[in-house]
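The primary structure of each chain is shown beneath.
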Amino acid sequence: KRNNSPNFIVVGGMTEQETKHSSSNYSSVYVDLFAPWDTYSTIYGNAYKEKSGTSIASPHVAAACALLMSKATHKTPLQIRQLLLDNVKVLDGFDDYCVTGGTLSITNAIDALFVENRGAYTKGDISGDGIIDSTDYLLCKRICFGTFAPTTAQMDAADVNGDATVDSVDYLLINRYCMKTYYFAPY
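Residues numbered from 1 in each chain as written. Predicted model: local features only at pLDDT ≥ 70, side-chain atom pairs only at ≥ 80, totals over all residues. Heavy atoms only, no water.

Colleague: Teacher, can you tell me more about the overall build of the protein chain here?
Modeller: Assigned secondary structure in the protein chain consists of 6 helices and 6 strands. Relative to a compact globule of 187 residues, whose C-alpha radius of gyration would be 16 Å, the protein chain shows 21 Å and is clearly more extended. C-alpha extents for the protein chain along the principal axes are approximately 65 × 40 × 25 Å. Within the span of the protein chain, comprising 187 residues, buried residues form 37% of the whole. Excluding contacts between residues fewer than 6 apart, the proportion of contacts in the protein chain whose partners are at least 24 apart in sequence is 51%. (Helix = DSSP H or I, 4+ residues; strand = E, 2+ residues; numbered from the N terminus. Rg over C-alpha atoms; globule rule 2.2 N^0.38 Å. Buried < 20%, exposed > 50% of the residue type's maximum accessible area, 1.4 Å probe, protein only. Contact = heavy atoms within 4.5 Å.)

What follows is the structure in structure tokens.
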């Protein structure tokens, strides 16, 4: 039966060698993606023990969703789901095992989030090209130092922290965004 719920992410289990675990369910129609089958987890007495199964693989995906939702507060849960599914690490032969043909890749999803097109002159996009990059960082720095006369739209986009001034905090936030160490949603 096809997974007809848009809210579900059906997870299969894969080995450290990036192969389907022999005990994992699979389906090119029903299973969405794969995640690690084995991992260390806490047990009673403040100790760790290796655990395995799809009940271990699924929390990897849930944690990835939680991480993305904490950063991309402007996205709905369905958009977060799609962000994960659109940015798996594709693996040879996995198109027979799952819909996406790959495994969870939080790195790919975060990279996609940081390069998403925002539309002209949203927060951080001073150049108006729809993406935030080093050009925006330099423009913000020039606004701060008074060596660039911005338009009203550029000034609004440069005020990243929303305090009605463009200062070093704003260009440092844009720099951190470019380095993927700080995320802010478009407005």
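Colleague: How should I be thinking about the environment of Val169 in this particular structure?
Modeller: Turning to its location among the elements, Val169 is positioned in helix H6 (residues 168–178). For Val169, a relative accessible area of 40% corresponds to the partly exposed category. For the pair Val169 and Asp159, spaced 10 residues apart in sequence, the C-alpha to C-alpha distance is 9.1 Å.

Colleague: What exactly am I supposed to notice about unusual backbone geometry here?
Modeller: Trans peptide bonds make up the majority, and among non-glycine residues the majority have a negative phi. With phi around 60 degrees, Tyr121 is a residue other than glycine that occupies positive phi space. Take Tyr121: it is sitting in the loop between helix H3 (106–114) and helix H4 (134–145). Residue Tyr121 is classed as partly exposed on the basis of its relative accessible area of 32%.

Colleague: Sorry if this is basic, but what is going on with the packing of aromatic side chains here?
Modeller: Ring pairs (aromatic) are described by centroid distance and by the angle formed between their planes. Counted under the stated rule, the structure contains 11 aromatic pairs. Measuring from ring centre to ring centre gives 5.3 Å for Tyr26 and Tyr97, while their planes differ by 75 degrees; the resulting arrangement is edge-to-face. Separated by 71 residues along the polypeptide, Tyr26 in the loop between strand S1 (11–14) and strand S2 (33–36) and Tyr97 in the loop between strand S5 (89–90) and strand S6 (102–103) bring together distant segments of the chain. Judged by its relative accessible area of 25%, Tyr97 is partly exposed. When the ring of Tyr182 is compared with that of Phe184, the centres are 6.1 Å apart and the planes differ by 50 degrees; the resulting orientation is tilted. Taken together, the ring pairs in this structure connect Phe114, Tyr177, Tyr182, Tyr183 and Phe184 into an aromatic cluster. The ring of Tyr97 carries the charged tip of Lys20 above its face, separated from the ring centre by 5.6 Å. (Phe/Tyr/Trp six-rings, centres within 6.5 Å; stacked < 30°, edge-to-face > 60°. Lys NZ or Arg CZ within 6 Å of the ring centre and 35° of its normal.)

Colleague: Is there a simple way to think about the environment of Lys180 in this case?
Modeller: Structurally, the position occupied by Lys180 is in the segment after H6. With 65 residues separating them along the chain, Lys180 and Val115 place their C-alpha atoms 9.7 Å apart. When neighbours within four sequence positions are excluded, Lys180 is seen to be in contact with Asp111 and Phe114. Among the polar contacts made by the side chain of Lys180, one reaches the side chain of Asp111 at a distance of 2.8 Å. (Polar contact = N/O pair within 3.5 Å; in protein donor to acceptor, adjacent residues only side chain to side chain.)

Colleague: Would you mind going over the side chain of Asp125 with me for this structure?
Modeller: Position of Asp125 relative to the elements: it lies in the loop between H3 and H4. In this structure, Asp125 is buried with no salt-bridge partner, the nearest side chain bearing the opposite charge being Arg118 at 7.7 Å. In this structure the side chain of Asp125 is engaged in a polar contact, spanning 2.9 Å, whose partner is the backbone nitrogen of Gly130. Beyond its immediate stretch of four places on either side in the chain, Asp125 contacts Gly119, Ala120, Gly130, Ile131, Ile132, Asp136 and Ala157. (Lys, Arg positive; Asp, Glu negative; His and termini not counted. Salt bridge = Lys/Arg side-chain N within 4 Å of Asp/Glu carboxyl O.)

Colleague: What is the right way to look at the pairing of strand S3 (residues 38–43) in this model?
Modeller: For a regular strand, side-chain orientation follows a simple rule: the groups alternate between the two sheet faces. Taken together, the 6 bridges between S3 and strand S4 (residues 47–52) define a ladder with antiparallel strand orientation. Looking across to S4, one finds that Asp38 is bridged to Ser52. Between the antiparallel neighbours S3 and S4 lie 3 residues, among them Gly45 with a positive phi of about 85 degrees. (Pairing = 2+ DSSP bridges.)

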